[in-house]
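Structure at a glance
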Amino acid sequence: MTENTTTGRQRAEMFFDPVCPWAWMTSRWLKQVEQVRPIEVTWTVMSLSVLNEGRDLPDDYRALLDRAWLPVRVVIAAQKEHGDEVVGKLYDAIGTRIHPGGRGKDDADLRAVVIEALQECGLPPELIDAGENTPGDDIDQRLRASHQRAMDLVGDDVGTPVVGIGDIAFFGPVVTPAPKGEDAGRLWDGCLLVAGTPGFYELKRTRTEGPNFD
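In this text, all values refer to a predicted model and were calculated from it rather than measured experimentally. (Residues numbered from 1 in each chain as written. Predicted model: local features only at pLDDT ≥ 70, side-chain atom pairs only at ≥ 80, totals over all residues. Heavy atoms only, no water.)

**A closer look at the side chain of Asp140**
Counting through the fold element by element, Asp140 comes out in helix H6 (residues 138-154). Look at Asp140 and you get buried, because its relative accessible area is 3%. When sequence neighbours within four positions are dropped, the list of residues in contact with Asp140 reads Trp69, Arg73, Asn133, Thr134 and Pro135. (Helix = DSSP H or I, 4+ residues; strand = E, 2+ residues; numbered from the N terminus. Buried < 20%, exposed > 50% of the residue type's maximum accessible area, 1.4 Å probe, protein only. Contact = heavy atoms within 4.5 Å.)

This is the structure we're talking about:
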């Protein structure tokens, strides 16, 4: 695990797609972990749209992934023009509207969500123009490189979220509701323990609840 030499806090990195509700839950957990453990989280884009290219998917999920190009491309464009520090803020602003806010379920509203989020973060609303899926352009290349970093860390059989700590990375945790306070810290401790165990790959059970955004 690397350390921020300015703050003395250990660095962790979360890879997210703004439309993924489970990534949102994990991000809210990590926000809590930052309060009770000496870590500093950085935020990096990965893409469910990239991940699922060429796969045979249900029509409703394919429609979601077609819409999902817009927010990840805009976050990448904002990062390119305004630096890494805007990524987490923009994710918070977009995710709050999509997940607890229940918005972005059609193309027009998702576009409105992203524009509002840009404005909330003091970013030019014109960045929305980068949201159109244009394979092979500079934003597309940057998006795919960012996504590939997550895959290189954790492997090919997972989705979002991915959490990386130094040369250790894991998918998840998939958890609802997001633990708070010391409960969040204990889950972090456990994730580090199992992810850092040589030969450990998977711990899973059937999901019986959907995301709880309270």
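**Quick look at the packing of helix H1 (residues 21-36) against helix H4 (residues 85-98)**
Two numbers describe how H1 lies on H4: the axes approach to 11 Å, and their chain directions differ by 125°. When the interaxial angle is binned, H1 and H4 end up oblique. Judged by the twist between their axes, the crossing of H1 over H4 is left-handed. Together, Ala23, Trp24, Ser27, Arg28 and Lys31 of H1 and Tyr91, Asp92, Gly95 and Thr96 of H4 make up the contact between the two elements. When its residues are assigned to classes, the contact of H1 with H4 shows three nonpolar, three polar and three charged. (Axes fitted to C-alpha atoms, helices over the stretch in contact; angles between N-to-C directions. Parallel < 35°, antiparallel > 145°, perpendicular 65-115°, else oblique. Left-handed = near helix turned anticlockwise from the far one by under 90°. Nonpolar A, V, L, I, M, F, W, Y, C, P; charged D, E, K, R; others polar.)

**Remarks on the nonpolar core**
Nonpolar side chains tend toward joint burial in soluble globular proteins. If you look at the biggest cluster of nonpolar residues, it comprises 61 residues, and the most contacted ones within it are Met14, Phe16 and Trp188. Residue contributions to this core peak at 10 residues, all from helix H3 (residues 59-82). (Core = buried A, V, L, I, M, F, W, Y, C linked by side-chain atoms within 4.5 Å.)

**Thoughts on unusual backbone geometry**
Pro161 follows Thr160 through a cis peptide bond whose omega is 10°. When you line up the elements, Pro161 lands in the loop between H6 and strand E3 (162-165). With an omega of -10°, the peptide bond between Thr176 and Pro177 qualifies as cis. Note that Pro177 resides in the loop between strand E4 (168-171) and helix H7 (181-195).

**Examining the state of the cysteines**
A complete count under the given rule lists zero disulfides for this structure. The cysteine Cys121 is free of any disulfide, with Cys20 supplying the nearest cysteine sulfur at 20 Å. Here Cys191 is not disulfide-linked; the sulfur of Cys20 is the nearest cysteine sulfur, at 16 Å. The class of Cys191 is buried, set by a relative accessible area of 9%. (Disulfide = S-S within 2.5 Å.)

**Overview of the packing of aromatic side chains**
Tallied over the full model, the rule gives four aromatic pairs. Ring geometry for Trp24 and Tyr91: centres 5.5 Å apart, planes at 90°, overall edge-to-face. Of this pair, Trp24 sits in helix H1 while Tyr91 is found in helix H4, placing the two residues 67 residues apart along the sequence. A relative accessible area of 0% means that Tyr91 is categorised as buried. Between the aromatic rings of Trp43 and Tyr91, the centroid separation amounts to 6.2 Å while the plane-to-plane angle is 55°, which identifies the pairing as tilted. Taken together, the residues span a long stretch of sequence, with Trp43 in strand E2 (residues 39-45) and Tyr91 in helix H4 at a distance of 48 residues. Taking the relative accessible area as the measure of exposure, Trp43 reaches 11% and is therefore buried. In this structure an aromatic cluster arises from ring pairing among Phe16, Trp24, Trp43 and Tyr91. The positively charged end of Arg28 is found above the aromatic ring belonging to Trp24, 3.8 Å away from the centroid. (Phe/Tyr/Trp six-rings, centres within 6.5 Å; stacked < 30°, edge-to-face > 60°. Lys NZ or Arg CZ within 6 Å of the ring centre and 35° of its normal.)

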